[in-house]
Amino acid sequence: MKKFSLIFLGIVALIWVAIITLGAESAKPIPPNEMTEAQASMIETLLEEAKVKQASLTTDGTLYLSTEDDGTIRDGLAEYFCEMVQDVNKIIIVEYLDQEAPHESKHIGQSICIN
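What you see is a predicted model, and the numbers here were worked out from it, not measured in a lab.

K.L.:
Describe the state of the cysteines, and please don't skip the residues or the numbers.
P.N.:
Applying the stated criterion across every chain yields a total of one disulfide. Bridging Cys82 to Cys113, the disulfide has an S-S length of 2.0 Å. Taking the torsion about the S-S bond as the criterion, the Cys82 to Cys113 disulfide, at about -70°, is left-handed. Here Cys113 lies in the segment after strand S4 (107-112) and Cys82 lies in helix H3 (residues 75-84), a separation of 31 residues in the sequence.

K.L.:
I'd love a proper account of the pattern of salt bridges, names of residues and values included.
P.N.:
Going through the model one piece at a time under the given rule, you end up with two salt bridges. The salt bridge involving Lys106 is made with Asp69; its shortest N-O contact spans 2.9 Å. Of this pair, Lys106 sits in the loop between strand S3 (90-95) and S4 while Asp69 sits in the loop between strand S2 (62-67) and H3, and the two are 37 residues apart along the sequence. Owing to a relative accessible area of 46%, Lys106 belongs among the partly exposed residues under this scheme. Classification of Asp69 as partly exposed rests on a relative accessible area of 29%. The salt bridge partner of Asp70 is Arg74, with a shortest N-O separation of 3.1 Å. Look at Arg74 and you get buried, because its relative accessible area is 9%.

Conventions used here
- Residues numbered from 1 in each chain as written.
- Predicted model: local features only at pLDDT ≥ 70, side-chain atom pairs only at ≥ 80, totals over all residues.
- Heavy atoms only, no water.
- Disulfide = S-S within 2.5 Å.
- Helix = DSSP H or I, 4+ residues; strand = E, 2+ residues; numbered from the N terminus.
- Salt bridge = Lys/Arg side-chain N within 4 Å of Asp/Glu carboxyl O.
- Buried < 20%, exposed > 50% of the residue type's maximum accessible area, 1.4 Å probe, protein only.

As structure tokens, this is what we get:
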């Protein structure tokens, strides 16, 4: 009976991981021309911050901010930005690599935003 329970829990865990993974892949960056005025204004304000090199908002409400990687964990910076923004579920700080897709860069910090 224990063996069956462990197998069942393993299968449930695999299904859960698959759902989470597939859900994460479905979030797409919002092109600037499709952003609301409030979203565009938020991005513009964030880009005025000295540490922020790029900003990208996705359809699931995740905000990606690119900064220089100085070797420190940037969770505190992500929390700071959570306090500044509205209608964002999560902020992920990524390494700035001067590219068009910051959501594909190395994650160096993150915070869940509670608005």
